[in-house]
Amino acid sequence: MSAHRRAAVVALTALAPVSWGTTYVVTTEFLPPERPLFTALVRALPAGLLLLAAARVLPRGAWWWKAAVLGALNIGAFFPLLFLSAYRLPGGLAAVVGSMGPLLVLGLSALLLGRRPALRDVLAGAVAALGVSMVVLKAAGALDTLGVAAAFASTASMSAGTVLTQKWGRPEGVGPLALTGWQLTAGGLLIAPLAFLVEGAPPALDAGAAGGYVYLALVNTAVAYCLWFRGIGRLTATQATLLGPLSPLTAAVLGWAALGESLTALQLAGTALAFGATVAGQLTSVPARRRDRARGRPDADAVPCPRSGMLEAPPPGGTRVAPADPRGDAR
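What counts, and at which threshold
Residues numbered from 1 in each chain as written. Predicted model: local features only at pLDDT ≥ 70, side-chain atom pairs only at ≥ 80, totals over all residues. Heavy atoms only, no water. Helix = DSSP H or I, 4+ residues; strand = E, 2+ residues; numbered from the N terminus. Buried < 20%, exposed > 50% of the residue type's maximum accessible area, 1.4 Å probe, protein only. Contact = heavy atoms within 4.5 Å. Areas by Shrake-Rupley, 256 points an atom, 1.4 Å probe, with all protein chains shown as cover. Core = buried A, V, L, I, M, F, W, Y, C linked by side-chain atoms within 4.5 Å. Expected span 1.5 Å × (residues − 1). Phe/Tyr/Trp six-rings, centres within 6.5 Å; stacked < 30°, edge-to-face > 60°. Bend = angle between axes of the 7 residues up to and from the residue. Polar contact = N/O pair within 3.5 Å; in protein donor to acceptor, adjacent residues only side chain to side chain.

So, on to the overall build of the protein chain. On a plain count of helices and strands, the protein chain comes out with 15 helices and 2 strands. When burial is assessed residue by residue, the protein chain has 50% of its 331 residues classed as buried. Considering only contacts in the protein chain between residues 6 or more positions apart, those separated by 24 or more positions represent 86%. Working note: accessible area of the protein chain is about 15000 Å², and carbon and sulfur atoms make up 69% of it.

Pasting the structure below:
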């Protein structure tokens, strides 16, 4: 993949965590309080059903259970655990635990993809986590054990889903639209019974809440996750997850711009550190991909060959030739 094309893929993928960073403002300003499971359900299930209707493709064979596993990891478990940790942990600690995702992805990539983590990738992940902690972490009393466990579990769930998404790729003739729809629907169906058992009937909604839920379902979830899963198919898992710190950074900037919150010098320094590590993380994986090719491992830029099902590397010029898809899914 050429440098210009890779930069475009990174920029589009980065829109996903930037969009997720708006969740806090939308939730606190427009949505009913203390309804995290209902919010998770509304984010996932309508978006998934909409994408399924648009793609008109259902899983086949082993992809029924693969889509269920990915949906559980990336959506069904991640959303409730994330909200639980956010409600129980003070001062942005959930975001700090979440920023450890790149380091978890490096470990899981070594275990599941056979890729040894490069030292500079580890350093980029550590610096990103440090920068996020400087931005969001505040002094607090005793930590809530359940909240910490939920934060770590949500991060581990999303990290495992990211690595497995890259390991399994996409089935022949299926674009990111359908793959995202499968996962959102599976995750939403897992959340639905839990939401009604724990929180009861849906709350009454005013115009602001209805608009907030529409935004979360369409922009924050359907569009953002399509971009995210599309990016995972073109970037390494480490590159993709190192874009994650853009989410808490976006939330901090919006809190300053829209909610009148102040940013200290320490927070500004943390923002610079986290953003710098995010940018560096997009540059450090190129040698790793070259090492993978030299060792005969699948290239992260490889795409499924529609006839053989094997991995087919892009042409030498870096331009990816994708087969025409009759359903029009973007590849």
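Bringing the nonpolar core into the picture now. Ranked by size, the top nonpolar core spans 26 residues in total, and within it Trp20, Ile75, Phe79, Tyr225 and Trp228 carry the most contacts. Secondary-structure elements contributing two or more residues to this core are α1 (3–20), α3 (36–55), α5 (78–88), α10 (176–199) and α11 (207–232). Once you skip the residues sitting within four places of it in the chain, Tyr225 turns out to touch Trp20, Arg43, Asn74, Ile75, Phe78, Phe79, Met158, Thr180 and Asn220.

Our next topic: α3. Along its 20 residues, α3 runs 29 Å from first to last C-alpha, staying within 8% of the 28 Å computed at 1.5 Å per residue. In terms of residue burial, α3 counts as a mostly covered element, since 15 of its 20 residues are buried. Backbone geometry just after α3 places Arg56 at a positive phi near 55°.

Another aspect to go through is the packing of aromatic side chains. Counted under the stated rule, the structure contains 8 aromatic pairs. An angle of 90° between the planes, with centres 5.4 Å apart, marks the rings of Phe38 and Tyr213 as edge-to-face. Here Phe38, found in helix α3, pairs with Tyr213, found in helix α11; they are 175 residues apart in sequence, far enough to count as distant. Tyr213 shares its class with Phe38; the two are buried. An aromatic cluster of three or more residues is present, and its members are Trp20, Phe78, Phe79, Tyr225, Trp228 and Phe229.

Bringing unusual backbone geometry into the picture now. Its identity is not glycine, yet Glu34 carries a phi of approximately 60°, on the positive side. A positive phi is found at Arg56, a non-glycine position, where the angle reads about 55°.

Helix length check: α11 (26 residues) gives 35 Å between terminal C-alpha atoms against 38 Å at 1.5 Å per residue, within 8%. At Leu216, α11 is bent by approximately 30°, the largest bend along its length.

So, about the side chain of Ser247. With respect to the helices, strands and loops of the structure, Ser247 is situated in helix α13 (residues 246–258). Note on Ser247: relative accessible area 17%, which makes it buried. In contact with Ser247, other than residues within four places in its own chain, are Pro17, Trp20 and Gly21.

We now examine the side chain of Arg170. Here Arg170 shows up in the loop between α9 (145–168) and α10. Given the relative accessible area of 16%, Arg170 is considered buried. Within the local environment of Arg170, its side chain forms a polar contact with the backbone oxygen of Val174, the two atoms lying 2.9 Å apart.

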